[in-house]
Amino acid sequence: AASDVYKRQLDERVRPLVTALQAQIWQSGYIHLDATPIDLSDPARPGAVRESTLWAYRANSGPVWFDFRLHKSPTSPAKLLENYRGLLQTDGASGLDKIGQEDGRVTHLGCFSHGRRYLVKAVDAGEPDAVPYLSAINQLFRIERLARHFKLTEEKRAELRRQRSRPLADKLFADALAAIPRVPPKTRLGQALGYLLGQKASLMRCLTEPRARIENNLVEQSIRPLKLGARNWGHIGHPNAGPRLANLFTLVENCRREGIDPEAYLVDIIARILDHPMKSIAELLPRQWKAA
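Just so we're clear, the structure is a prediction, and the values are computed from it rather than from any experiment.

A. Quick look at the packing of helix H5 (residues 154–179) against helix H6 (residues 188–198). Axis separation between H5 and H6 bottoms out at 10 Å; the angle between their running directions is 125°. Relative to H6, the element H5 is oriented oblique. Helix-helix and strand crossings are classified by hand; for H5 and H6 the assignment is left-handed. In contact with Leu172, Phe173, Ala176, Leu177 and Ala179 of H5, H6 contributes Leu193, Leu196 and Leu197. In terms of residue class, the contact of H5 with H6 is built from 8 nonpolar, no polar and no charged.

The structure is reproduced here in structure tokens:
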């Protein structure tokens, strides 16, 4: 019981920081969104674990925020993003592409990296017809790496995409559309082509929206440490612990991204936050704390 009190107190102290990070992400106008399953021990199901979900929201050039939910329904992000305006990048998960569409608040972006994985599986399964499609997507990624290497401005990158990337993508989708009637849908290649054609509109926006990345890897990179760490702790012990865990993951991951020792950060912040004015709470966020 005493341990639970301490956990609640810790969560209460760090919650303003987590709320401030979430606000920064919403204000950025470009959110990467993904979800990962987490096993949960639920008193309603004694002796077994159920699957819960951590949604990860990451700004394109800023922080990440984790949100715990008992399910993976798209209604949760839809509710949270009901007033959001800007770009939203996902891997094509069902329902997320409907967010903000009724009034045009949200521009949806797809993920070529996700499409590429389907093609890699097809090639690994010994389906040689998948090779040209994989090569085309590899070329798209090579163009993006060159743009980053030469630090192209947004305008010059847009022109590079217009000249090189969009013709590649147009041919990729045209070839997929021509091939799909003769490719068995249950093969790896059939699944890959189905994904690409189903996501065509959101994938092409990755090449026409000036700020867009062509993949959703940033948020996946923030989820990966969490999944690796879960091998050590197995599952969440109680539904009440889910939101607390999400809040701590939020702070720890933002520390990791800034190259900060999370323990040093938390020890310092927990001691100071009670006397810190809430209007200046941003001063205690990992990036600003590091700079200070």
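Having seen it, we continue.
B. How the structure looks around a nonpolar patch on the surface. The grouping of Leu146, Phe150 and Leu152 at the surface amounts to a nonpolar patch, some 270 Å² of accessible area in total. Position of Leu152 relative to the elements: it lies in the loop between helix H4 (131–149) and H5.

C. Structural view of helix H10 (residues 262–272). The set of residues buried in H10 consists of Tyr265, Leu266 and Ile269. One side of H10 carries all its buried residues, which in axial view fall inside an arc of 90°. Away from the buried face of H10 by more than 90 degrees, exposed residues Glu263, Val267 and Ala271 are located. The N-terminus of H10 is capped by Asp261, whose side-chain oxygen sits 3.1 Å from the backbone nitrogen of Glu263.

D. Molecular detail of unusual backbone geometry. Non-glycine residue Lys151 carries a positive phi angle of around 50°. The topology assignment puts Lys151 in the loop between H4 and H5.

E. Structural context of the side chain of Glu220. Among the structural elements, Glu220 can be located in helix H8 (residues 217–233). Note on Glu220: relative accessible area 13%, which makes it buried. In this structure Glu220 touches Asp34 and Arg117, once residues within four positions along its chain are discounted.

F. Region of interest: the packing of aromatic side chains. Throughout the structure, instances matching the rule amount to 6 aromatic pairs. Each ring, one from Tyr57 and one from Trp65, has its centre 5.3 Å from the other, and the planes form 40°; the classification is tilted. Given the relative accessible area of 0%, Tyr57 is considered buried. In this structure Trp65 comes out as buried when scored by relative accessible area, which is 7%. Aromatic ring contacts, followed pair by pair, group Trp26, Tyr57 and Trp65 into a single cluster.

The rules behind these values
- Per-chain numbering applies: the sequence of each chain, read as written, is numbered from 1 onward.
- Confidence filtering applies because this is a predicted model: local features only for residues at pLDDT of at least 70, side-chain atom pairs given and counted only at 80 or more, and all residues used for totals across whole chains, interfaces and linings.
- Side-chain metrics in this entry use all non-hydrogen atoms of the structure; hydrogen atoms and water are not considered.
- All axes are obtained by fitting lines to C-alpha atoms, using only the stretch in contact for helices, and the reported angles, taken between N-to-C directions, cover 0 to 180 degrees.
- Per the convention used, a helix needs a DSSP run of H or I reaching at least four residues, while a strand needs a run of E reaching at least two, with both numbered from the N terminus.
- With respect to orientation, any angle under 35 degrees is reported as roughly parallel, any angle over 145 as roughly antiparallel, any angle of 65 to 115 as roughly perpendicular, and every other angle as oblique.
- Throughout, a crossing is termed right-handed when the near helix is turned clockwise from the far one, and left-handed when it is turned anticlockwise from it by less than a right angle.
- Whether two residues touch is decided by their heavy atoms; if any such pair falls within 4.5 Å, the residues are in contact.
- Nonpolar residues are Ala, Val, Leu, Ile, Met, Phe, Trp, Tyr, Cys and Pro. Charged residues are Asp, Glu, Lys and Arg, and all others, Gly as well, are polar.
- Residues enter a patch when their relative accessible area is above 30% and they make no salt bridge; the linking distance is 9 Å between like charges and 5 Å between nonpolar side chains (Val, Leu, Ile, Met, Phe, Trp, Tyr).
- Accessibility throughout is a Shrake-Rupley quantity obtained with a 1.4 Å probe, and a residue counts as covered only by protein chains that appear here.
- Put simply, a salt bridge is a Lys or Arg side-chain nitrogen that is within 4 Å of an Asp or Glu carboxyl oxygen.
- For each residue, the accessible area found with a 1.4 Å probe, counting protein chains only, is set against the maximum for its type, and the residue is called buried under 20%, exposed over 50%, and partly exposed in between.
- Of all possible arcs, the one meant is that of the directions from the helix axis to the C-beta atoms.
- Polar contacts here mean pairs of N or O atoms no more than 3.5 Å apart (in protein, one a potential hydrogen donor and the other a potential acceptor; neighbouring residues in sequence count only if both atoms are side-chain atoms).
- Working definition: rings of Phe, Tyr and Trp (its six-membered ring) pair if their centres are within 6.5 Å, and the pair is stacked with planes under 30 degrees apart, edge-to-face with planes over 60 apart, and tilted otherwise.

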